[in-house]
Amino acid sequence: MQTDPKTNGEISFNDFKETVINDYKIAVTSRECSLLGRREVLTGKAKFGIFGDGKEVPQLAWAKAFQNGDWRSGYYRDQTFMMAIGKLTIEQFFAGLYAHTDIKADPMSAGRQMGGHFATHSLNEDGSWKNLTTQKNSSADISPTAGQMPRLLGLAQASKIFRNVKGIENKTNFSINGNEVAWGTIGNASTSEGLFWETINAAGVLQVPMVMSVWDDEYGISVHAKYQTTKENISEILKGFQRNEDEKGYEIIRVKGWDYPELIEVYNRASQIAREEHVPVLIHVQQLTQPQGHSTSGSHERYKSKERLEWEANYDCNLKMRDWIISSDIATEETLAEIEKDIKKKVRDGKKAAWEAFVAPQKKEQEEAVLLLGNLAESSANKNFIEKIKNELASEKEPLRRNILASARKALRYAIGEDSSEKKQLQDWINNYFEIIQPKYSAHLYSEAKENAKTIKEVLPSYANDAEEVDGRVILRDNFDAIFSKHPEVLIFGEDSGEIGDVNQGLEGMQEKYGKLRVADAGIREATILGQGIGMALRGLRPIAEIQYLDYILYCLQIMSDDLVTTRYRTNGTQKSPLIVRTRGHRLEGIWHSGSQMGGLIHLLRGMYILVPRNMTKAAGFYNTLLETDEPALVIECLNGYRLKEKMPNNLGELKTPIGVVETVKEGTDITLVSYGSTLRIVEEAAKELQQAGIDAEVIDVQSLLPLDLNHDMVKSVAKTNRLLVIDEDVPGGASSYILNQIVEVQGGYKHMDSKPQTLSAKDHRPPYGTDGDYFSKPSVEDVYEKVYEIMHEVNPSEFPKLR
Ligand SMILES: Cc1ncc(C[n+]2csc(CCOP(=O)(O)OP(=O)(O)O)c2C)c(N)n1
Ligand SMILES: [Mg+2]
């Protein structure tokens, strides 16, 4: 009896044969999808295609080792794996290609991501968690090469946390004793990215159950391995990471991507090592091919030699598997040919069904619009023009929503000034259409659950009669203490966050009290600190990733922008990653430590909250609010606030700062001054001095830049004072302009202005080192004073004569 390479003969040869044939069917189905998928793009039915052809066989082996509760963090070549774990059907494959906006048709993203970006659902429709240990999980892919790596680290680390941290044993929806493996995939060329190296190093340090597969086809689009990888061999140059008897590290395995039995053995071994020992494994899968070239955007004949193309034809993994099946007497050539013919038909049928399902709703919408356009034409003086639009729309066999809506909107222009029930009907239909259809493209940027973070009510700090004045950092520290004891699933990590309790001692003593896993030092590697957070948040933990200074957030901004803030959006609300990012910034001195690049952040990070507490009590309140809900957030503490005295509240852990609510810190009647963070203190100081000159300024702290002033309180102030100055230490046109836009345009503040609304920001260069560098770069008390005075001078030159 021939043995099954996986189970060493524990099952019968017939069972084994069936398994192999079943695998072969998946490989052939996947390949057929790739072939037909490409055609769908070339004939114009889909916009872009990037497929998994040439990478099928290793993914069959991987899928066998992948268990319930495990996680994938991969890239666009993994369609065969998704099919093999039962998470991607033929219809779903094509629905994704067409951008079908129904999450049931395209469970990966409801048409938001291009095909080849895979995900499973972690959340129920009501936003609650599913049991992630009874299903196979894939975190949602992103397109930037190696962008899947930082998150992979966190997915793997979560198992380590679940296995070793006390108090979270009851979280059985997320982990069973940390037995879950996080599986990564990456193309050979993408290992050139820094994110790959940073992740590989960090996973070796952390010793987490991560199995990393490199699909090596020697190319990255047209660029050969000789321009990508030293020695053209990633496992060769990673050899120093190999563990040995004395040192921890990786298990590194090399395998041919077309060798089915060998692959099965390798993936089982890798699974076991990672799962049982929590040791990372790297599998270098060599000799893979790309039969159709990189994507539908080009052809590989342009850059591969004749010899390479010939080699690829001979070493096509599906072909090699086929040969092996025949030579091992598992099936005959005829049986396989029959199977292949069958599958071709199945894929064609599936594709057709997916297309019909995709166009059906649009066709119905087209019919509605055509009917209403016809009615409008009959009732309008411009009958001929409207009829022409109607006929053009009616003639479209496979209408897109853009064309349906554009036709309806254009037709309205021909009925301008007319008053008919037909016109009203069309207007109503257009408005209704927007209401129904727009969310398909825009919903789930933030949580849409009823209990979202914006609904959490403020809990003011309360004080004992003899409350002490303490350094701000003490309030933060004691609040973190309350958080750690109240929420066992919370953990914090960052550079110097552990042993010394962060560079400003806001975590002093916390590691001693809560252990090295929950309060941890991390290497200097911002992108993977962020990735740790994303991955662990995806698995039900509540990580707080600490980025030492706001300036260094640029190192992980790409991951925040591409991965973190799009998690909910790109999965159409089926995954969430409620990571809190803690950092400190504003108002220190020097080009590299004084940043307040808020404009950049608010523009690149739509999808998370950006909170700018002016003191540590406010910051503590934000952490407490965030932990009651499930939105990702960035909290920027004021760097110069840790040693400033604040009164010690007696409700730490309970006090809450509301999100999206501004606070008026000084009432006034002459002008509204809006600011945030450290600059607010300068504005308050200037307001005091202005008072002495007879100018009564109202001062507003925005507190929360994203979301900003949900109650539209700022315009209420402007309605009273009729004058507005927004002050911050970002560059001109940065966050101050964003705030101005909100007040003047969004909140309708322009109606109340008696003076030109203005901003006062820093210079458009970075602030040089030293007190004077700061003074000549960022708004000072004198700058604020003089700017306000100038505005008042314009209003009333006799009361406020020219100052300078
Ligand atoms: C950051 C970034 N740079 C460039 C690209 C464009 N791009 C997409 S795939 C690719 C090549 C990747 O090659 P490899 O990692 O070997 O994967 P393969 O497609 O060969 O499987 C490039 C350059 C991208 N998506 N992201
Ligand atoms: Mg490649």
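Structure: above.
None of the values given here were measured: they were computed from a predicted structure.

Draft legend 1. Region of interest: the side chain of Asn188. With respect to the element layout, Asn188 can be found in the loop between strand 3 (182–187) and helix 6 (194–206). Here Asp217 takes part through its backbone nitrogen, which lies 3.4 Å from a polar atom of the side chain of Asn188. Apart from the residues within four sequence positions on either side, Asn188 is in contact with Val214, Trp215, Asp216, Asp217, Glu218, Tyr219 and Thr229.

Draft legend 2. Structural context of the coordination of the magnesium ion (ligand 2). For the magnesium ion (ligand 2), the full set of protein donor atoms is Asn188 (OD1), Asp217 (OD) and Tyr219 (O), and the range of their distances to it is 2.0 to 2.1 Å. Along the chain, the residues donating to the magnesium ion (ligand 2) fall in the pattern N-x28-D-x1-Y. A residue pair is termed long-range when its members are at least 10 positions apart, and Asn188 in the loop between strand 3 and helix 6 and Tyr219 in strand 5 (residues 219–220) qualify at 31 residues. Tyr219 shares its class with Asn188; the two are buried.

Draft legend 3. Structural detail: the pairing of strand 18 (residues 671–675). Judged by how many residues are buried, strand 18 sits mostly within the fold: five of five residues are covered. A two-sided burial pattern is seen for strand 18, the buried positions comprising Ile671, Leu673 and Ser675 on one face and Thr672 and Val674 on the other. Relative to strand 19 (residues 697–701), strand 18 is paired through five bridges, and the arrangement is parallel. Bridge pairing in strand 19 places Val674 opposite Ile700. Assessed by its sense of winding, the connection that carries the chain from strand 18 through helix 22 (residues 677–692) to strand 19 is right-handed. The sheet contact formed by strand 18 and strand 21 (residues 724–727) spans three bridges and is parallel.

Draft legend 4. Examining the site of ligand 1 more closely. Taken together, 18 residues surround ligand 1, and among them Tyr75, Tyr76, Arg77, Ser190 and Tyr219 come closest. Within the side chain of Tyr75, one N or O atom sits 2.7 Å away from an oxygen atom of ligand 1. Measuring from an oxygen atom of ligand 1, one finds a backbone N or O atom of Ala189 at 2.9 Å. Coverage of ligand 1 by the protein amounts to 71% of the 580 Å² it exposes when considered alone.

Cut-offs and rules
- Residues numbered from 1 in each chain as written.
- Chains lettered and ligands numbered in written order.
- Predicted model: local features only at pLDDT ≥ 70, side-chain atom pairs only at ≥ 80, totals over all residues.
- Heavy atoms only, no water.
- Helix = DSSP H or I, 4+ residues; strand = E, 2+ residues; numbered from the N terminus.
- Polar contact = N/O pair within 3.5 Å; in protein donor to acceptor, adjacent residues only side chain to side chain.
- Contact = heavy atoms within 4.5 Å.
- Donors = N, O, S within 2.8 Å, 3.2 Å for Na, K, Ca; no water.
- Buried < 20%, exposed > 50% of the residue type's maximum accessible area, 1.4 Å probe, protein only.
- Pairing = 2+ DSSP bridges.
- Right-handed = clockwise from strand over helix to strand, strands pointing away.
- Near = heavy atom within 4 Å.
- Areas by Shrake-Rupley, 256 points an atom, 1.4 Å probe, with all protein chains shown as cover.

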